Amino acid sequence: MKQMELAVIPGDGIGKEVVPEALRVLDVIAEIHGGLKFSSTHHPWSSEYYVEHGEMMPKDGLSQLTQSDAVFLGAVGDPALVADHISLGGLLLKIRREFEQVINIRPAKQLKGIVSPLANPRDFDIMIVRENSEGEYSSIGGSVHSGEDEIVIQNAVFTKKGVSRVIQYAFELAQQRSGRVTSATKSNGIVHSMPFWDEVFKEVSTNYKNVQTNSEHIDALSAFFITKPQTMDVVVASNLFGDILSDIGAAIMGSIGIAPAGNINLNGKYPSMFEPVHGSAPDIFGKGIANPIGQIWTAKMMLDHFGELEMGTLLLEAIESSMQSGIKTADIGGSSSTSEVTDEIIANLRNK
Ligand code: NAD
Ligand code: IPM
Ligand code: MN
């Protein structure tokens, strides 16, 4: 029996609604597989936890997670209780950074049964490879003056190691896919980091002669996600550019509520973390209408990560069959509840 230990952090808002749904699905996957078991340790770390304890997770929080095979997270952020930069910085971003989850992979592709808002969508299948540990998300900087002359500096950090690592990852992935890598740049306006990014991209590309490359400025690339997403395969981007592109990717799929993500640790020292692209959606929390597909597709990415590719494929097929049957949440044009969608996915899994 293969036993996978999950550290589960539902977090805030709809994270608390969609995580239990995805765990229900994983239990069924384990049952179908027969030789796979999930055990989970739940951590109530969230903005509410912060209000009670003055911190987003206990002092030994990270070490409580280290023995798990993966962290399975919902969403973090409840701006009514805690400022976002404190809640996210103290939990989600802390785990990404401390666990050296240096790569964030975020697929954007058309699922059967979900209608893209694009007028004439052509089949697209993009994998965004987002740098996940440095870049624009740096804590270096601060306020230099106060009052009327206040100046705030935010330094972006681009290391040779970090940039070449993420670009190399993108090329490796492209070799297993359609063999194309698009680099998101902005070297026409950002004069230090982005020319450096381009230089490393060019350097790494020389080792992958069989992979086609192109470089696009992030503003134009954002437009291309709308006008010709079918021309993209792997898209490699800095931390912030990748963040923005992944919401556009989610939007052209049909909803931010369906997009999954994996924060990957490459050196094997710490677990990777799986979480959907969306946030805690305070505007719909408590109504039972959150789309659980982002979290459930995220579970599929975790299965792939565990080497359970067959189960991963089965799960994605079950998601697509249930969408084709019309059981959908409101964000993608239906009127079903979160748990009705999960029930339908489970029923489809059992029928496979
Ligand atoms: P959001 O993704 O939470 O919501 C954006 C919009 O998408 C909202 O209208 C929301 O209702 C909708 N939406 C999101 N997920 C959905 C789902 N599963 N089903 C149906 N509709 C869904 O982004 P936001 O409003 O910018 O942020 C809200 C909070 O979440 C903030 O505190 C933010 O910092 C945090 N956040 C956390 C993460 C994360 O934990 N990974 C990601 C993004 C935002
Ligand atoms: C995401 C989120 C986070 C990010 C925020 C909440 C810090 O938007 O996971 O996409 O920017 O990485
Ligand atoms: Mn984001």
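Residues numbered from 1 in each chain as written. Chains lettered and ligands numbered in written order. Predicted model: local features only at pLDDT ≥ 70, side-chain atom pairs only at ≥ 80, totals over all residues.

Looking at an unreviewed UniProt entry, one finds the protein chain named D-malate dehydrogenase (decarboxylating) and attributed to Planomicrobium stackebrandtii. For the protein chain, the Catalytic activity (unreviewed entry) comment in UniProt is given as "(R)-malate + NAD(+) = pyruvate + CO2 + NADH". (UniProt positions renumbered as here; feature names shortened; annotations may be inferred.)

## Comments concerning the pairing of strand β4 (residues 103-109)
Burial analysis of β4 places 6 of its 7 residues in the buried class, which makes it a mostly covered element. In this structure, β4 lies alongside strand β5 (residues 125-131), joined through 7 bridges in antiparallel fashion. For Arg106, the partnering residue across the bridge sits in β5 and is Ile128. Relative to strand β11 (residues 262-264), β4 is paired through 3 bridges, and the arrangement is antiparallel. (Buried ≥ 20, exposed ≤ 12 C-beta atoms within 10 Å, placed from the backbone. Helix = DSSP H or I, 4+ residues; strand = E, 2+ residues; numbered from the N terminus. Pairing = 2+ DSSP bridges.)

## Focus: the domain arrangement of the protein chain
Each assigned domain of the protein chain is listed with its residue range as follows: domain 1 (1-101 + 266-352) and domain 2 (116-253). A C-alpha centroid distance of 25 Å is found between domain 1 and domain 2. Listed per partner, the contact involves 6 residues of domain 1 and 6 residues of domain 2. Split by residue class, the side of domain 1 that touches domain 2 holds 2 nonpolar, 1 polar and 3 charged. (Domains from an automatic or database assignment. Contact = placed C-beta atoms within 7 Å. Nonpolar A, V, L, I, M, F, W, Y, C, P; charged D, E, K, R; others polar.)

## Looking at the nonpolar core
By size, the foremost hydrophobic cluster in this structure holds 97 residues, and its most contacted members are Val129, Ala170, Val235 and Val236. Counting only domains with at least three residues in this core, you end up with domain 1 (1-101 + 266-352) and domain 2 (116-253). (Core = buried A, V, L, I, M, F, W, Y, C linked by C-beta atoms within 7 Å.)

## Points about the site of ligand 2
Looking at ligand 2, the residues that line it are Leu88, Leu93, Asp243, Val277 and Gly279. Per-class residue counts for the shell around ligand 2 are 3 nonpolar, 1 polar and 1 charged. (Near = placed C-beta within 6 Å.)

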